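Coordinate inspection notes
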Amino acid sequence: MIFDISTRIDPKKAKDEQDSHYLLALFLDIAEEMLNSGAETNRVEDSLFRILKSYGYEKVNVFCIPEFVSVSFEDPNGELVTQTRRVYTISNNMNHLEDLNALSRYIVKNQPGVTDIYNRLENMPPTSYSSNMLIMALVYFFASGGFAFFFHGSLLDAFVSGIIGIVIMLIAKFSMLQNMNKLLYTAVSALIACLIAMIISRLGYPGNIDKVMIGNVMLFIPGLALTTSFRDMLCGDIIAGLIRMMESLMIAAAIAVGYAIPIFFLGR
Amino acid sequence: MDIRQLAFESIGALVACLAFAAIHRNNPKRILFCGISAVVSWITCAIVSYITHDDVFISCMIAAAAGTIISEIFARTLKAPATIFLVIAILPLVPGGSLFYATFYAVTKDQLNARIYGLSTALSALGIAVGLILVSVAFNMQREILQRLNLKKN
């Protein structure tokens, strides 16, 4: 895959503050980052439409699926503008999504120029705690352990599950695989998590090893993708919903493969 | 109904969902509300499943509906997108346990248990979807009707 997504278009080259080509490029940056942070396509289409209408553009067309955005309109000078954007990565960053939502509301209200939008996009604050390794390790510990306890595991099960959760977080942090193939990444990390649990069980673990494993499975389950896919389909975006749903079903299958191999070879 | 067990489950769900809200990189101010919506949907699920004698479909449906309602309420009062709360609210209902057991028994060649757990996984996923869609449609329609009324006024 060849792609060039890290660069943002420089607003200094724009003809004036209301140059519709450059404005649209910035709006598509907002749309792209919204999709990257895990927004539903319906929300992205809606905010793009409102933004473009607020600038007085005519014949506004917006099409958006999880991997692609296309916009076309006629600006007040009679110029026809069309731009498309391919979106490669989809992750969860709710704080960023909320900021982008606020930015798009601000744009609809005030119709700012190119430099203002560019500066606001560049200076958006990152989530304060997400780069702190210690906090993220604790969070994965409690997410995994909490679900082990939730599914009637003992406190010991929850603790062991939490430790394996930290291992999963380390894999997510340091593996190059995640950016290359999401299915393979999910299958491999599920396999490693299951293997660790099986080894602990073979060393004479007194608790229920299946509760430990369930706590780890919950870290991989694509709940977000499934929820947004149903919401997309209900709002009429059948294609977008189908893409997300197929993706989450494939991830569920990858989890199953990762867990099936060690159980099959090592027995219960 | 076993109150003690429900309390333990709710504590587990609260801890796990607070942590998941942080994994989804929520704003620290929203994390607690995500946890509350998850606990509400789980307690609803437990109560309905007690009343209907472990009917997976109905209990997941009503619990997902309750979770959607409370996350839409939070979204309106806190001025944030509803998705933030909704994703966490349905997390305790997601059939992770039965999905795991279905694969576990399928691999260890226990056909009967694999079928039972596989069916329960499919039923609860369907239930969540139906509950979500029912309430979301209602909220969407209400929003649209309000917008049309505003347009008429202007």
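The rules behind these values
Residues numbered from 1 in each chain as written. Chains lettered and ligands numbered in written order. Predicted model: local features only at pLDDT ≥ 70, side-chain atom pairs only at ≥ 80, totals over all residues. Pairing = 2+ DSSP bridges. Helix = DSSP H or I, 4+ residues; strand = E, 2+ residues; numbered from the N terminus. Axes fitted to C-alpha atoms, helices over the stretch in contact; angles between N-to-C directions. Contact = placed C-beta atoms within 7 Å. Core = buried A, V, L, I, M, F, W, Y, C linked by C-beta atoms within 7 Å. Buried ≥ 20, exposed ≤ 12 C-beta atoms within 10 Å, placed from the backbone. Domains from an automatic or database assignment. Nonpolar A, V, L, I, M, F, W, Y, C, P; charged D, E, K, R; others polar.

Comments concerning the sheet that holds strand β3 (residues 80-86) of chain A
Consider a sheet: its strands pair through backbone hydrogen bonds, and that pairing is either parallel or antiparallel. Residue and element names in this part refer to chain A. In spatial order, the strands read β1-β2-β3; together these three strands make up an open sheet with antiparallel pairing. Since the sheet does not close on itself, it has two edges, and those belong to β1 (58-65) and β3, each with one partner. Going from strand to strand, the sheet's axes swing by 5 degrees on average, the running direction of each strand aside. Lying on the sheet, helix α2 (residues 41-54) is in contact with β1 and β2 (68-74); it crosses β1 at an angle near 160 degrees.

A look at the nonpolar core
Within the largest apolar cluster, 120 residues are counted, with the highest numbers of intra-cluster contacts made by C17(B) and I88(B). In terms of residue count, the dominant contributor to this core is helix α3 (residues 56-78) of chain B (11 residues). Looking at which domains feed residues into this core, each of domain 1 (11-122) and domain 2 (133-266) of chain A gives three or more. Beyond its immediate stretch of four places on either side in the chain, I88(B) contacts C17(B), F20(B), A21(B), C34(B), S37(B) and A38(B).

Some thoughts on the environment of G145(A)
Residue and element names in this part refer to chain A. Within the element layout of this structure, G145 appears in helix α5 (residues 133-150). Separated by 127 residues in the primary sequence, G145 and Q18 place their C-alpha atoms 53 Å from one another. Setting aside anything within four residues of it in sequence, one finds G145 in contact with A158, F159, S161, G162, G165 and G215.

Side note on the interface of chain B and chain A
With 36 residues of chain B in contact, the opposing surface of chain A contributes 39 residues. Elements with a minimum of two residues in the side of chain B that touches chain A: α1 (3-23), α4 (82-89), α5 (96-107) and α6 (111-153) of chain B. With nine residues, the top contributor of residues to the side of chain B that touches chain A is α1(B). Among the residues making up the side of chain B that touches chain A, the classes are represented as 24 nonpolar, 10 polar and two charged.

Here's the deal with the pairing of β2(A)
All names here are of chain A. Here β2 shows a buried face lined by V69, V71 and F73 and an unburied face lined by F68, S70, S72 and E74. Pairing of β1 with β2 involves six bridges; the strand directions are antiparallel. Directly across from I65, in β2, lies its bridge partner F68. Between β1 and β2, which pair antiparallel and follow one another directly, the connecting turn spans two residues. Sheet analysis places β2 next to β3, joined by seven bridges and oriented antiparallel. Pairing of V71 across the sheet is with Q83, part of β3. Here β2 folds back onto β3 in antiparallel fashion, the turn holding five residues, of which G78 has a positive phi close to 85 degrees.

With respect to the domain arrangement of chain A
Residues and elements named next belong to chain A. You can read the domains of chain A as domain 1 (11-122) and domain 2 (133-266). The C-alpha centroid of domain 2 is placed 34 Å from the C-alpha centroid of domain 1. Listed as interface residues are seven residues of domain 1 and, on the opposing side, 10 residues of domain 2. Residue classes in the side of domain 1 that touches domain 2 are distributed as two nonpolar, four polar and one charged.

A few points about unusual backbone geometry
Of note, the phi angle at Q111(A) is positive, near 45 degrees, even though the residue is not glycine. Residue classification places Q111(A) among the partly exposed positions, given that 15 C-beta atoms sit within 10 Å. The phi dihedral of R25(B) falls on the positive side, at around 55 degrees, and the residue is not glycine. The exposure class assigned to R25(B) is buried, which follows from the 21 C-beta atoms found within 10 Å.

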